[in-house]
Amino acid sequence: MIRRPPRSTQSRSSAASDVYKRQPQGGVVFKYNPGDEFALNEKYSLEVELECDRDSHQMVLDKLKSHLIAPHYRLRYKTNQACPTHNIYLILNFIQENRVIFVIVAIIFGIIECFYGKKLFKPTLFLLGFTIFTVLSLVFFFQFALSKAPTDTIKWVLVGISVLIGTIFGWLAVKFSKLGMFLGGAFLGFVLASVLYNTIIYRIALHQPDLALYLTIVICMISLGVLAFYATNHIIILATSFGGSFIAAKGVSLFAGSFPNLFEIAKMIQNDQVNDIPNSAYIYIACFMLVGLIGSVYQYMEFKKSKELEKERDIYNKLHDYESV
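Remember, it's a predicted structure, so these values are computed and weren't measured experimentally.

A. Inspection of the overall build of the chain at higher detail. Scanning the chain from terminus to terminus reveals 10 helices and seven strands. For the chain, the proportion of its 325 residues judged to be buried stands at 39%. Long-range contacts, defined here as pairs at least 24 residues apart, represent 70% of the contacts in the chain between residues at least 6 apart. About 18700 Å² of surface is accessible on the chain, with carbon and sulfur atoms providing 65% of the total.

B. Spotlight on the pairing of strand β7 (residues 72-79). For strand β5 (residues 45-52) and β7, the ladder comprises eight bridges, and the chain directions are parallel. The residue of β7 that forms the bridge with Glu51 is Lys78. Pairing between strand β6 (residues 60-61) and β7: two bridges, direction antiparallel. If you follow Val60 over to β7, its bridge partner there is Lys78.

C. Fine view of a nonpolar patch on the surface. On the surface, Val100, Ile104, Ile108, Ile112, Tyr116, Leu120 and Phe255 cluster together into a nonpolar patch covering about 640 Å² of accessible area. Looking at the secondary structure, you find Ile112 in helix α3 (residues 99-116). Overall, the relative accessible area of 39% leaves Ile112 in the partly exposed class.

D. Main features of the packing of aromatic side chains. This model, assessed by the stated rule, comprises eight aromatic pairs. Here the aromatic rings of Phe133 and Phe169 are separated by 3.9 Å at their centres, their planes lie at 10°, and the arrangement is stacked. Residue Phe133 is located in helix α4 (residues 121-145), and its partner Phe169 is located in helix α5 (residues 152-175); the two are separated by 36 residues in the primary sequence. An aromatic cluster is present here, built from Phe115, Tyr116 and Tyr298 joined pairwise through their rings.

E. Structural context of the pattern of salt bridges. Under the defined criterion, the tally for this structure stands at two salt bridges. In this structure, Glu302 and Lys119 form a salt bridge, with 3.3 Å as the shortest nitrogen-oxygen distance. In this pair, Glu302 is assigned in helix α10 (residues 280-324) and Lys119 in the loop between α3 and α4, connecting sequence segments 183 residues apart. The class of Glu302 is partly exposed, set by a relative accessible area of 22%. Judged by its relative accessible area of 53%, Lys119 falls in the exposed class. With a closest N to O distance of 3.8 Å, Glu302 and Lys305 form a salt bridge.

What counts and what doesn't
- Residues numbered from 1 in each chain as written.
- Predicted model: local features only at pLDDT ≥ 70, side-chain atom pairs only at ≥ 80, totals over all residues.
- Heavy atoms only, no water.
- Helix = DSSP H or I, 4+ residues; strand = E, 2+ residues; numbered from the N terminus.
- Buried < 20%, exposed > 50% of the residue type's maximum accessible area, 1.4 Å probe, protein only.
- Contact = heavy atoms within 4.5 Å.
- Areas by Shrake-Rupley, 256 points an atom, 1.4 Å probe, with all protein chains shown as cover.
- Pairing = 2+ DSSP bridges.
- Patch = residues over 30% accessible without salt bridge, like charges linked within 9 Å, V, L, I, M, F, W, Y side chains within 5 Å.
- Salt bridge = Lys/Arg side-chain N within 4 Å of Asp/Glu carboxyl O.
- Phe/Tyr/Trp six-rings, centres within 6.5 Å; stacked < 30°, edge-to-face > 60°.

Geometry only, nothing functional implied.
Below is the structure:
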């Protein structure tokens, strides 16, 4: 994700205050606002990129990818100091490397769930259990079971194992419907936590963003998971409509970019980069909320129709039984 540069353009002497950082999975980039004028409509600029290279114990200048001609200077170094310290970023790398597959799956799955989640009740329970536990398994394996430089074969093997685990829990969610209901509520809670943290909580949790993030997720997931036992139909409709639109939006962002996840935002707050949170993130949120609202209205209309048909069927059966007597 590339974060927007500061809005103001100041003199070269204040370049340090104008630097903004991009922290992709493979390193970090520092960009400085344009300084003195070089020619008509052109100013000096500087970009320093540190590329992750776990074998480089010193900073090595990559001359092939550097640009040392005025007025635009770009320095690219390879060093192990630019590598992420958490293996969880390997998931993001893996998804980006194979994003075509993940984009197609996310958009199709998201749209179907958004508009037909309640009608496809049992498949929805399976997909909820499958999705949640596949993602949790991926996070666990990529965070704790991988070396710093795993091969693609190992990654795909772990993806396969995660899919198998997700399939088992998807079957359990269908077999034990109460578990599926709780997972539906928990999934809706995660989406709600994402919206709350991205729009409100990050602004007031500047000192302990990680704690605020995890508390928001846990409280929302448990609360709505329990609520699902008492308002099953409503939770399933809302979970699939807004959850489906959220997944579809994340799929689109794999191509379009600029939709940071909760953990990226927490990291930006820690690095005093609150102002660098892209405005496009709010556009994504507004779009998936709008699509989710449309999906929920459609599902409620279909649910109402099914209820009316069920009542008509009951009346018909009672009349038929009465005539038979």
